[in-house]
Amino acid sequence: MKPVLVEKPIEIARDHYLLRITGLPEPSAGQFVNIKIGKGTDPLLRRPFSVFNYSEGTTEIVIKIAGKGTSLLKVSEPGEIDAIGPLGMGFSVLKTGSALLAGGGVGNAPLYYLAKKLKESGTGVKFVYGARSSEYIYLLEEFKKVSDDLTVTTDDGSSGKKGLAAEEALAAGGADIIYTCGPAGMMRAISDGSSAPVEASMENYFGCGIGICSGCTIRTVGGLKRACVDGPVMEGKKIIWEELCR
Amino acid sequence: MDISVKIGKLTLKNPVTVASGTAGYGEELSAYIDISRLGAVFTKGLSIKPREGNRGNRIIETPSGVLNSIGLENVGLDEFLKFKLPFLLKSGATVIPNIAGHSEEENEELCDVLSHTAGIDAVELNVSCPNVKQGGMAFGTDITIFTRLLEKARKKTGGCLIVKLSPNVTDITEFAAAAELCGADAVSAVNTFLGMKIDIKTRRPHFENKVAGLSGPAIKPLAVRAVYQIYEKVNIPVIGIGGISGTEDALEFIMAGASAVSIGTMNMVDPKISVDIIDGIREYMDSKKIGGLAEIKGIAHIRSGE
Ligand SMILES: Cc1cc2nc3c(=O)[nH]c(=O)nc-3n(C[C@H](O)[C@H](O)[C@H](O)COP(=O)(O)OP(=O)(O)OC[C@H]3O[C@@H](n4cnc5c(N)ncnc54)[C@H](O)[C@@H]3O)c2cc1C
Ligand SMILES: Cc1cc2nc3c(=O)[nH]c(=O)nc-3n(C[C@H](O)[C@H](O)[C@H](O)COP(=O)(O)O)c2cc1C
Ligand code: FES
């Protein structure tokens, strides 16, 4: 079955769109799909997007407009879409206890599906939803449904608490594990500051997304790892963040 | 229909191969295609010791192309022989290791060991990687250094020696001719073109190494030109590489004079593209009633009426 975009991308917040795709296998939380935008050679490379949700055969992703590819993708017409996936290694879904999920911007997206899976396993979900400002917050009601407790932080205080999601997450503490996806600086702060294990979903630049180009390597205490096949979810405390946060 | 190709003593099942550095060691591509169907798998450029490659940004898209500064990250000779090669051979693939030593001695040793390893009938000597600070650059762009390396490599290489040429020279045919004189069995043309990207936000080069290698459809006309010119100058087979993104592109290279072709960057976009091109070439030959590749190889050089 070929992947099909079921409807036009839906605007869900400023610069953020929801895409619904059928025909892809069921993913695990934290995996991504790799999309070729257009049939031509520009844009050339596939663009990776984390799975935001999966339900009854439909894979959902949230895209934030970043440049050429995402600008074209947001005006896609329904129909066949050249998507490969799901790919990569996702989150380990904790089966008991409590988890803290901390997202930044479009990085909240993969944590939604993770929260849903955690809830299904009976694990407690505390969610820190970080955004630049209120206009960038998307699908908040949906996030609340899969969280036992959800705090919004914005950089400018236009919604929720004014401040950084990382600080809020570290202040909350007490969880058995922290899952995070967002800007490298945020994931680094959480990895450095947390006493609990941290799983971070990397969103660095990918060449192929399937492990053949070595363009996406990240230095860890265990050597270089390819974020696309060894990740995108990696143990935050094993990542050498200095190289990513220059 | 016979679409096999002879490169020195080696016979490839068909003319479609996957290029070094864009196919890993075959493992990942195997999830998408049967790698035994390929003419050959050129593996990632090898050094004796594992190499980490360059740090910082390593790859970025450009208009219809890609700039890379991977810096020859590879697993090293031991791991290649112990784990990567057995997998490739078990899969039934024709393996051609790409050799990327950083000194004459390292290249000699790699040629020696690899060409005398069971299951390997050919090696490809990469004299042109533009993004490694030491060595690399000089071998492929200075005719004296190039010739000296090839003479030494030829002596150590048991089987077929393929030389992968750098396009970053004034006259690539001079290097192809020197390779032929030194006893190379074939040349691969071409490796990536030196390019650069400046980040206007940081006002600095995007890559730590400053320059990077350009590949993909953007370089195809440059590569076709190189193959066409080389074909006029040498008698050894040419493996055409550069921006091939479909059957028509592959045919273009063959008509320019390539005996075989290699798919690079486009594997990254469509991991099935190489086998699609094998099928595409067969369909083309079928529809045009062409019995063998020799009928179209280099045909662009023949003036009408000849
Ligand atoms: C595993 C993974 C999951 C991802 N999940 C999502 C997701 O769920 N939703 C989403 O909107 N985005 C996600 N991204 C990021 C997304 O892939 C990029 O934003 C997208 O590829 C940009 O394409 P573009 O053509 O619009 O931008 P381009 O025109 O290619 O680039 C615009 C600018 O952004 C920079 N840029 C592009 N990609 C990246 C990157 N990955 N990291 C840092 N800078 C970059 C470029 O250098 C350039 O300056 C993910 C990335 C990865 C690796
Ligand atoms: C990510 C990447 C890594 C590469 N690594 C090597 C290498 O290790 N050795 C080599 O000889 N060529 C290497 N190349 C060059 C390719 O084999 C090929 O010659 C070049 O990309 C042009 O072909 P293309 O336009 O089809 O990609 C690499 C190219 C890319 C894009
Ligand atoms: S993006 Fe090519 S190896 Fe990860």
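Reading the values: rules and limits
- Residues numbered from 1 in each chain as written.
- Chains lettered and ligands numbered in written order.
- Predicted model: local features only at pLDDT ≥ 70, side-chain atom pairs only at ≥ 80, totals over all residues.
- Heavy atoms only, no water.
- Near = heavy atom within 4 Å.
- Polar contact = N/O pair within 3.5 Å; in protein donor to acceptor, adjacent residues only side chain to side chain.
- Helix = DSSP H or I, 4+ residues; strand = E, 2+ residues; numbered from the N terminus.
- Nonpolar A, V, L, I, M, F, W, Y, C, P; charged D, E, K, R; others polar.
- Areas by Shrake-Rupley, 256 points an atom, 1.4 Å probe, with all protein chains shown as cover.
- Contact = heavy atoms within 4.5 Å.

This paragraph deals with the site of ligand 1. Residues and elements named next belong to chain A. Surrounding ligand 1, one finds 19 residues, the nearest of these being Pro48, Val62, Lys64, Gly69 and Thr70. One of the backbone N or O atoms of valine 62 is found 2.7 Å from a nitrogen atom in ligand 1. Elements with a contribution of two residues or more to the shell around ligand 1: β5 (47–50), β7 (58–64) and α1 (68–73). Here the element with the most residues in the shell around ligand 1 is β5; it accounts for four residues. Class assignment of the residues belonging to the shell around ligand 1 gives a composition of 10 nonpolar, five polar and four charged.

Next up on the list: the site of ligand 2. Residue and element names in this part refer to chain B. Taken together, 23 residues sit near ligand 2, with Ser20, Lys164, Gly216, Gly243 and Thr265 positioned nearest. Between an oxygen atom of ligand 2 and a side-chain N or O atom of asparagine 98, the distance comes to 2.9 Å. Between an oxygen atom of ligand 2 and a main-chain N or O atom of glycine 264, the distance comes to 3.1 Å. Within the complex, 98% of the 610 Å² of free accessible area of ligand 2 lies under protein. Of the residues that constitute the shell around ligand 2, the class distribution is six nonpolar, 15 polar and two charged.

For the rest of this paragraph, the subject is the environment of methionine 89 of chain A. All names here are of chain A. If you trace the backbone, methionine 89 turns up in the loop between β9 (82–87) and β10 (98–104). Taking the C-alpha atoms as reference, methionine 89 lies 9.5 Å from serine 201; in sequence the two are 112 residues apart. Contacts of methionine 89, omitting those with residues within four sequence positions, involve Gly30, Val229, Asp230, Gly231, Pro232 and Val233.

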